[in-house]
Amino acid sequence: MSQVVILVGAQWGDEGKGKWVDCLSEQSDLVCRFQGGDNAGHTIYLNGKKLVLHQLPSAVFHPHTKLLVGANVVVNPLKLLDEIRGISSYADVGPERLWLSQRAHVISPWHIHCDEQREARAKKPIGTTKRGIGPSYEEKMARSGLTLSQYVDDGQRALWFERRSAESSDFLLHTQNHKEAWALFVSAAAELRPFVQPAENQLRKEIASGKRVLLEGAQGTLLDICHGTYPYVTSSSTIAGGALASLGLGPKSVSQVLGVAKAYTTRVGEGPFPSELKDDVGKRIAEKGQERGATTGRPRRCGWFDAVAMRYAVAVNGFDAIYVNKMDILTGFDQIQIVTAYQHPSLGVLDEFPADAEILAACKPVLKSFSGWQKELPKSGSLADCPREAKIYVEAMSELAGVRILAIGTGPERDDFVQVT
Ligand code: IMP
């Protein structure tokens, strides 16, 4: 029986996955990132110090854990090397420990330029992180991208430059006008070379030998390129199924699928968000929860816990259970609400998450109210130790979303949580 656990975000990202990856990593031999790039920002608090990871798996601070970056990740080489250096006083990251897939694609200065330009010119911008994520995936799909394997091979990289320059005069112009950025990009290849390995083959061998593996998602279910709120999504598959496609694993290799949500909802960037609170309550949640993007520093939009979206996330990912973070942020509110359905002006009451972003944008939330609690939540123990109102709220989230809740986060530190089931 294999021991492969998938853990993904159940909302629009920023659910606090890093905290649970960090906890689960204690029992994992290998932790894999499987999509996205440095658009992700995983915040981890270590002995009161705030550390933010963008491309490395969040298990990096557990020295016994091997780290893998899978085929469907897009890697920014310079940023990755900076990240490794930036945490060197907390973690040793060498090629025996960090395996980068030969099949992963590279984010080049051209991709970042395209992302910035497109967002600046768009009538309806997506609100991307401007890290070049979309353009890198586009080139991959157009079969003109650069894999890590090609990037670290001087001959293949030179051929790619030639081909790309012949294909696109804009690309050629960019390389001529930004010589320094391109020189830095090329110079990072030698340093990254030892890390680039047949990572998926190595992973399959580890699984066959009984090693415990955690597959760690970035962003969240509702930002999935296929099943999210398109076009206001990221460019990769963020859901549990995406983990298997990226890492070259069969569906039968998975033993457990877990989700992470917040006790309320947040979203960065543009796009429909039915439970959004544009009033003082939303502001209060944002301030108390310090809701700013870990990558871009942009303020996050805040709203109530959305049980319609959560039921959808449960269905799309097949969650066995979820963790719920940041319950402590809701302490002190008189009333707390949960979205139980959507009211659409012409389609009536909707129980299911609509596929069309325009339909979703026209929906108003149908809300159920709960009494708040004033006493601080405990940092450890079980749900039974929490105020009665908090207990009722957690049970309602679980029942309305149709999923078991394992634990609720009650503070930022790794150990700040109470067990639920
Ligand atoms: P991109 O991934 O930079 O192309 O941005 C596409 C959308 O995904 C935008 O709405 C971003 O704000 C959102 N996004 C990307 N990464 C994250 C993340 O780590 N957390 C939350 N939202 C994200």
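Presented here is a report on the structure given in the accompanying data block. Just so it is clear, the structure is predicted and the values come from calculations on it, not from any experiment. (Residues numbered from 1 in each chain as written. Predicted model: local features only at pLDDT ≥ 70, side-chain atom pairs only at ≥ 80, totals over all residues. Heavy atoms only, no water.)

### Brief notes about the nonpolar core
Core analysis: the biggest nonpolar cluster contains 56 residues, and Leu203, Leu215, Ile285, Phe319, Met327, Tyr393 and Met397 have the highest contact counts within it. Here the element with the most residues in this core is helix α14 (residues 388–401); it accounts for six residues. Beyond its immediate stretch of four places on either side in the chain, Met327 contacts Ala263, Trp373, Leu377, Ala390, Tyr393, Val394, Met397, Ile408 and Gly409. Among the nonpolar cores identified, the runner-up in size contains 53 residues, and Trp20, Leu46, Leu51 and Leu192 belong to it. (Core = buried A, V, L, I, M, F, W, Y, C linked by side-chain atoms within 4.5 Å. Buried < 20%, exposed > 50% of the residue type's maximum accessible area, 1.4 Å probe, protein only. Helix = DSSP H or I, 4+ residues; strand = E, 2+ residues; numbered from the N terminus. Contact = heavy atoms within 4.5 Å.)

### Let's talk about the site of the ligand
Neighbouring residues of the ligand: 16 residues in total, closest Asp14, Asn39, Thr129, Thr234 and Arg298. The separation between an oxygen atom of the ligand and a polar side-chain atom of Arg298 is 3.0 Å. For the ligand, the accessible surface in isolation is 470 Å², of which the surrounding protein chains cover 97%. (Near = heavy atom within 4 Å. Polar contact = N/O pair within 3.5 Å; in protein donor to acceptor, adjacent residues only side chain to side chain. Areas by Shrake-Rupley, 256 points an atom, 1.4 Å probe, with all protein chains shown as cover.)

### Focus on the packing of helix α2 (residues 77–86) against helix α8 (residues 179–192)
At a closest axis distance of 8 Å, the pairing of α2 and α8 adopts a crossing angle of 55°. For the element pair α2 / α8, the angle class is oblique. For the pair α2 and α8, the crossing hand works out as left-handed. Every residue of α8 that contacts α2 at Pro77, Leu78, Leu80, Leu81 and Arg85 is listed here: Leu184, Phe185, Ala188, Glu191 and Leu192. A class-by-class count of the residues in the contact of α2 with α8 yields eight nonpolar, no polar and two charged. (Axes fitted to C-alpha atoms, helices over the stretch in contact; angles between N-to-C directions. Parallel < 35°, antiparallel > 145°, perpendicular 65-115°, else oblique. Left-handed = near helix turned anticlockwise from the far one by under 90°. Nonpolar A, V, L, I, M, F, W, Y, C, P; charged D, E, K, R; others polar.)

### Here we look at the pattern of salt bridges
For the structure shown, the criterion picks out 22 salt bridges. For Lys262, the salt bridge goes to Glu291, with nearest N and O atoms at 3.0 Å. Residue Lys262 is found in strand β11 (residues 256–262), and its partner Glu291 is found in the loop between α11 (280–288) and β13 (301–303); the two are separated by 29 residues along the sequence. Glu395 is the salt-bridge partner of Lys391, the closest N and O atoms lying 3.7 Å from each other. With a gap of four residues between them, Lys391 and Glu395 both fall in helix α14, about one helical turn apart. Linked through salt bridges whose partners overlap, the residues forming this network are Asp14, Lys262, Glu291, Arg300 and Lys326. (Salt bridge = Lys/Arg side-chain N within 4 Å of Asp/Glu carboxyl O.)

### Let's talk about the sheet that holds strand β10 (residues 212–216)
If you walk across this open sheet you meet the 10 strands as β9-β7-β5-β2-β10-β1-β11-β15-β19-β20, and the pairing is mixed. Strands with a single pairing partner mark the edges of an open sheet, and in this sheet they are β9 (196–197) and β20 (417–419). By the bridge criterion, three bridges tie strand β15 (residues 321–325) to strand β19 (residues 405–409) in an arrangement that is parallel. Across the sheet, Tyr323 pairs through a bridge with Ala407, a residue of β19. (Pairing = 2+ DSSP bridges.)

### Some points on α8
Side chains three or four residues apart in an α-helix point the same way, a direct result of the helix having 3.6 residues per turn. In a regular helix each residue adds 1.5 Å, so 14 residues correspond to 20 Å; α8 covers 20 Å between its end C-alpha atoms and thus fits that length. Every buried residue of α8 is listed here: Trp182, Phe185, Ala188, Ala189 and Leu192. What you see down the axis of α8 is that its buried residues fit within an arc of 120°, all on one side. Facing away from the buried side of α8, by more than 90 degrees, are the exposed residues Lys179 and Glu180. (Expected span 1.5 Å × (residues − 1). Arc of directions from axis to C-beta.)

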